[in-house]
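Listed below are the residues making up each chain.
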Amino acid sequence: MTKSAPGIPGSLSIRHLPGLRDVPKSDLEAILDTAQSFREALDEGVAVPKTLTGVSVVNLFFENSTRTRLSFETAQKRLGASPMNFTSSGSSAAKGESLRDTARNIESLGADVFVVRHSSAGVPAFLASQTNTVVVNAGDGACEHPTQGLLDALTMRQHLGSLEGKKVAIIGDIRHSRVARSNLWALSTLGATVRVWGPATLLPRHPEAFGAQVRVAKSLDDALEGSDAVMLLRIQHERQSSGLLPSLREYRHSFGLDRDRLRLAKPGALVLHPGPINRGVEIVSEIADGPQSVILEQVTNGVAVRMAVLHLLAGRKTNV
Amino acid sequence: MSEILLPGFCDLGCAFGEPGSEQAETIASGLAAATRGGFSVVAMEPFTEPAIDSDAQVHLVRHRAAGLHCDLLPLAAATRDKGTLSEMALLAQAGAAGVSLGDTLPRSTSLLRSVLEYAAQNDLTVFVHPCDPDLAAEGIVHEGPVAERLGLRGIPSLAEEIGLGTLLPLVRRTKARVHLSRISSAVGVSLVREAKLEGLPVTADVSFRHLLADESILEGFPEDWKVFPPLRGATDRTALWAGLRDGSIDAICSLHRPVAAEVKSAEFDKSPYGAIGLETCFPALLAASQAGTIQKVDLADWVKWLSTAPRKVLGLDACDAQHEGTWWDLAHKWTPSEATLASRSSNCPEMGVELLGKALRLRRRGTDLELPALEQA
């Protein structure tokens, strides 16, 4: 089935996507508009332009990932790229080669785009300064996960319309979450206000760093009350062993989202989660699988967002 | 060109790579860098590989420095393998200018107490940055808004506060002479001020980079600005200046920490701490003073903070410029590059930045000498 290709907005003012913090609103909207077009095309089975044909995309994953890597690969293939995958285990990096040398060697093989995930904050910015390739961040330490932030924004926008003036609650481990950071930047730029809440040991110590549109709530009820969307973050089990959480039982008791608590949000408020879910800890299954949950839509939107980012940053415009 | 002869500066905070990391800095290249920065004496930290924790190592370091145009006073490690007291009597006899605990306090408070007791008996000053090791563990930058935005683990000012809270009662009890290296926080300055008012035998220094910059410069992950202690907030920087002006902080140090390029140029959290600073310390301060990014400082104050006060910490007499000094052109603008620096390392935040004030010649034991050629460094 062939229909017309989705409308492709103009190019972005940014060359790389290390994070969402410095991305202007016009670029965010261009990415989201393009992603929306791709999403509709995918839903309708419309062929999308193969603007990555001949573009060499290398997925540099120095940290384990399943869903993000598969999502990026799917996006790349749908745009006509033949992605190459690099994982650090068994690679030259495991033999002691520096990150800079690894990246420059792969660049010399003809890479045009690096999609990079790394446990160290700042690696995408570092690679952008050390190579001539386009760099897209697929998660760097606790710093940012920009495509996750974008897919969350897209999902909210699909249901809520403009995010201007909307209230979003983010519950969980804010301090160590790159997903939370990217969401805080994107939602603020798009005009939403954000309330964060979680155990004191996992909240930002300097919330003023995120600007006036982000505030630490006074309680879970305060965070949830009147929210248009509620985002739960995955609680990592190692927070218990590192002394930041007493137990998952206590977390569920104090911070887990159930039906009663969800009633504090606006009727029909969206429930988001970046996954993977700890069912029965940060969210009960009834909510995760319920009518307000858009968790699986987030996953689908992830492909569209990654297509949009790659297309806008590296697509061959002559093919469009 | 107006030439001026200033007394030789004295640095209380430099480290070289020799022995162990000569690719980063030898004693000869480090002292050549010191000379170009106007320093005629430097106290060298002992944390080399192997560490300078024996009289033989002290003799070796002094032998390597002999005959060069800058005096090197070795600090020896206060403990061996971070677990037992070093042989302080023998170290003092060999020429150690003091003993150092380095960048953090020992995890064992009883060991710290023993170090102070034994150093006092041997009339040795204990040099230490008063940082609680547990609170600083795994931190990378100052725990403040920048760390929050970048998702980097923070080292709180609280680590310095708790460190001083541990150290100062032990100083009070043992009467040990302690030099508090690289004070970095507002609360640190106020605690040092109170300790001095009480009459405790403490002195303190601050690195010139903590006077020039704060955490905001770390946006964008510039690894050359990754130093320890971390650059703190704007209010901390203001307090450091206030401490320097009221005498709570005695001296300015270079915090010269050479790191080989292949090690330094890495992802931010794996890049080691450290920046070279001996050659750019005074010219960077002068440039900032002229540019108005710091308050105007009289030349006499620079001399006090860079020469008189640090020499006093080391038990040296004040320097007579006619005997030991550097001829400067204080109006000369220059831009550091690998070709213009004597250090073997290039982890220099001022690289490519215009500085003010160039060393022209040395005065060494009353005789004027040309600066050694760079290729000899």
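Note: the structure precedes this text.
Described in the following lines is the structure provided in the data block. None of these values were measured; they are calculated from a predicted model.

### Brief notes about helix H6 (residues 178-189) of chain A
Residue and element names in this part refer to chain A. With 12 residues, H6 extends 17 Å from end C-alpha to end C-alpha; this agrees with the ideal 16 Å at 1.5 Å per step. Most of H6 is tucked away, with 11 of its 12 residues classed as buried. Among all positions in H6, only Arg178, Val179, Ala180, Arg181, Ser182, Asn183, Leu184, Trp185, Ala186, Leu187 and Ser188 are buried. The opening residue of H6, the one whose side-chain oxygen lies 3.3 Å from the backbone nitrogen of Val179, is Ser177. Downstream of H6 by one or two residues, Gly191 has phi in the positive range, about 100°.

### Thoughts on the sheet that holds strand E2 (residues 84-87) of chain A
Residue and element names in this part refer to chain A. Read across the open sheet, the 4 strands follow the order E2-E1-E3-E4; overall the sheet is parallel. Sheet topology places E2 and strand E4 (134-140) at the edges, where each strand pairs with a single neighbour. The average angle at which neighbouring strand axes cross in this sheet is 15°, direction not considered. Inspection of the sheet shows strand E1 (residues 57-61) paired to strand E3 (residues 113-118) by 5 bridges, in the parallel sense. Each bridged residue has a counterpart across the sheet, and for Val57 the counterpart in E3 is Val113.

### Let's talk about the pattern of salt bridges
Inspection of every chain in the model, using the stated rule, returns 36 salt bridges over all chains. As a salt-bridge pair, Asp260 of chain A and Arg263 of chain A come within 2.7 Å of each other at their nearest N and O atoms. Comparing Asp260 of chain A with Arg263 of chain A, the two get one shared label, exposed. Where Arg365 of chain B meets Asp71 of chain B, a salt bridge forms, and the shortest distance between an N and an O atom there is 3.7 Å. Of the two residues, Arg365 of chain B is situated in the loop between strand E15 (355-364) and strand E16 (367-370) and Asp71 of chain B in strand E4 (residues 71-77); the sequence distance between them amounts to 294 residues.

### A few points about the packing of aromatic side chains
All names here are of chain B. Applying the stated criterion to the full structure yields 13 aromatic pairs over all chains. Aromatic side chains Phe9 and Phe39 sit 5.7 Å apart centroid to centroid with 75° between the ring planes, which places their arrangement in the edge-to-face category. Highlighted residues: Phe9 in strand E2 (residues 9-14) and Phe39 in strand E3 (residues 39-44), separated in sequence by 30 residues. Ring centres of Phe228 and Tyr273 lie 5.2 Å apart, and the angle between their planes is 65°; this geometry places the pair in the edge-to-face category. One end of the pair, Phe228, is in the loop between helix H9 (208-212) and helix H10 (234-246); the other, Tyr273, is in the loop between helix H11 (261-264) and helix H12 (281-291), and 45 residues separate them in sequence. What makes Phe228 buried here is its relative accessible area of 10%.

### Thoughts on the interface of chain A and chain B
Contact with chain A, which involves 23 residues of that partner, is made by 17 residues of chain B. Surface buried jointly by chain A and chain B totals about 1,600 Å² across both partners, of which 52% is contributed by carbon and sulfur atoms. The interface formed by chain A and chain B includes 3 salt bridges. A salt bridge links Glu148 of chain B to Arg181 of chain A; the nearest nitrogen and oxygen atoms lie 3.6 Å apart. Inspection of the region where chain A meets chain B yields 9 residue pairs in polar contact (both at pLDDT 80 or more).

Calculation notes
- Residues numbered from 1 in each chain as written.
- Chains lettered and ligands numbered in written order.
- Predicted model: local features only at pLDDT ≥ 70, side-chain atom pairs only at ≥ 80, totals over all residues.
- Heavy atoms only, no water.
- Helix = DSSP H or I, 4+ residues; strand = E, 2+ residues; numbered from the N terminus.
- Expected span 1.5 Å × (residues − 1).
- Buried < 20%, exposed > 50% of the residue type's maximum accessible area, 1.4 Å probe, protein only.
- Polar contact = N/O pair within 3.5 Å; in protein donor to acceptor, adjacent residues only side chain to side chain.
- Pairing = 2+ DSSP bridges.
- Axes fitted to C-alpha atoms, helices over the stretch in contact; angles between N-to-C directions.
- Salt bridge = Lys/Arg side-chain N within 4 Å of Asp/Glu carboxyl O.
- Phe/Tyr/Trp six-rings, centres within 6.5 Å; stacked < 30°, edge-to-face > 60°.
- Contact = heavy atoms within 4.5 Å.
- Buried area = accessible area lost by both parts, 1.4 Å probe.

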